[in-house]
Amino acid sequence: MTRSARAYGAVRPGGRAPYARAMPTHVLVLGGTTEARELAALLAARPGLRVTTSLAGRVSRPGPQAGEVRTGGFGGAQGLAAWLREHRVDAVVDATHPFAEAITRNAAEAAAETGVPVVVLRRPGWRPGPADRWHPAGSLDEAARLLPGLGSRVFLTTGRLGLAAFAPLTGLHFLVRSVEPPEPPMPPDTRILLARGPFTVPGETELLRAHRIDVLVTKDSGGEATAAKLTAARELGLPVVVVRRPPLPDGVTTAPDAPAALERLRLPPA
């Protein structure tokens, strides 16, 4: 067992809270989300606690981050494990996007190899209400297959990556919203809208009406920053294709928000 596992603890079977013997002194936050920034700020405010936030580097102008920041990949699970050892990390919090499946898997594998405990911080997913017309999809490819039967003017809010799944669809008009400009391949009839949330219900309603949207496609990202489009679609009676989240690795410890992540790290509220 590594120094970190002896000092802090290892994840219990079944994903329960980790065994704890001492509080961590260096926490690596795998970031890129609002929750990651909030957690880093809470950790950085604690004397004697070092926090490093790792960003993938896909966004050219990320928001401000508390503590230390590194940018770029680790080189898979083995590279992450080596980084944890080299920088004497005591705990990892995976606060990446709910659809960042590869880094979540790599974090779990690196934790298992090094004995450094990992907490997965995931905001709760969205839930449909009685008036919602949701069509669940297991992947972007499945979402694309559903579209021709649901509408012809699509508001696509799945991010700039993965547009290739919709590229073969002709005869449909796509309004694609993303923070950064997307790259081809993409559908032949596409209009790009660059914008960053949070968004409002009146703003989303006006957008859907102005572009005559008749179907919305989104990932189940959860959170409030981009949830207004769902309310707008409900009020306009539009169908919504919702791509389900990928499953988490077996046995990981989870937290729904930053304060809960502190609890999993055995750090009491400041």
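Treat the numbers as computed from the prediction; the structure is a model and nothing was measured.

Peer 1: So what exactly am I meant to see when it comes to the packing of helix H6 (residues 201-210) against helix H7 (residues 228-236) here?
Peer 2: Packed helix pairs are specified by the crossing angle of their axes together with the interaxial distance, meaning the distance between the axes. Contact geometry of H6 with H7 gives a least axis separation of 8 Å together with a crossing angle of 55°. Looking at the two axes, H6 sits oblique to H7. Regarding H6 and H7, the two cross each other, and that crossing is right-handed. Across the interface between the two elements, Val201, Glu204, Thr205, Leu208 and Arg209 from H6 touch Ala228, Lys229, Thr231, Ala232, Ala233, Glu235 and Leu236 from H7. Considering only residue class, the contact of H6 with H7 consists of 6 nonpolar, 2 polar and 4 charged.

Peer 1: Just to check I follow, could you spell out H7 for this structure?
Peer 2: In an α-helix there are 3.6 residues to a turn, and that puts residues three or four apart on one side. Among the residues of H7, those classed as buried are Ala228, Lys229, Leu230, Ala232 and Ala233. Where H7 is buried, its residues contact strand S6 (133-137), strand S7 (153-157), strand S8 (173-178), H6, strand S10 (215-219) and strand S11 (239-243). Looking at the residues trailing H7, positive phi occurs at Gly237, about 70°.

Peer 1: Please clarify how the nonpolar core should be interpreted in this entry.
Peer 2: Nonpolar side chains tend toward joint burial in soluble globular proteins. Counting 20 residues, the largest nonpolar core has Val27, Val29, Leu39, Leu43, Val93 and Leu265 as the members making the most contacts within it. Sequence-distant contacts of Val29, defined by excluding residues within four places in its chain, comprise Ala36, Leu39, Leu43, Val51, Thr52, Thr53, Ser54, Val93 and Ala95. Grouped together as the second largest cluster of nonpolar side chains are 19 residues, Phe99, Ala143, Leu147 and Val241 included.

Rules behind the numbers
Residues numbered from 1 in each chain as written. Predicted model: local features only at pLDDT ≥ 70, side-chain atom pairs only at ≥ 80, totals over all residues. Heavy atoms only, no water. Axes fitted to C-alpha atoms, helices over the stretch in contact; angles between N-to-C directions. Helix = DSSP H or I, 4+ residues; strand = E, 2+ residues; numbered from the N terminus. Parallel < 35°, antiparallel > 145°, perpendicular 65-115°, else oblique. Left-handed = near helix turned anticlockwise from the far one by under 90°. Contact = heavy atoms within 4.5 Å. Nonpolar A, V, L, I, M, F, W, Y, C, P; charged D, E, K, R; others polar. Buried < 20%, exposed > 50% of the residue type's maximum accessible area, 1.4 Å probe, protein only. Core = buried A, V, L, I, M, F, W, Y, C linked by side-chain atoms within 4.5 Å.

These figures capture arrangement, not role.
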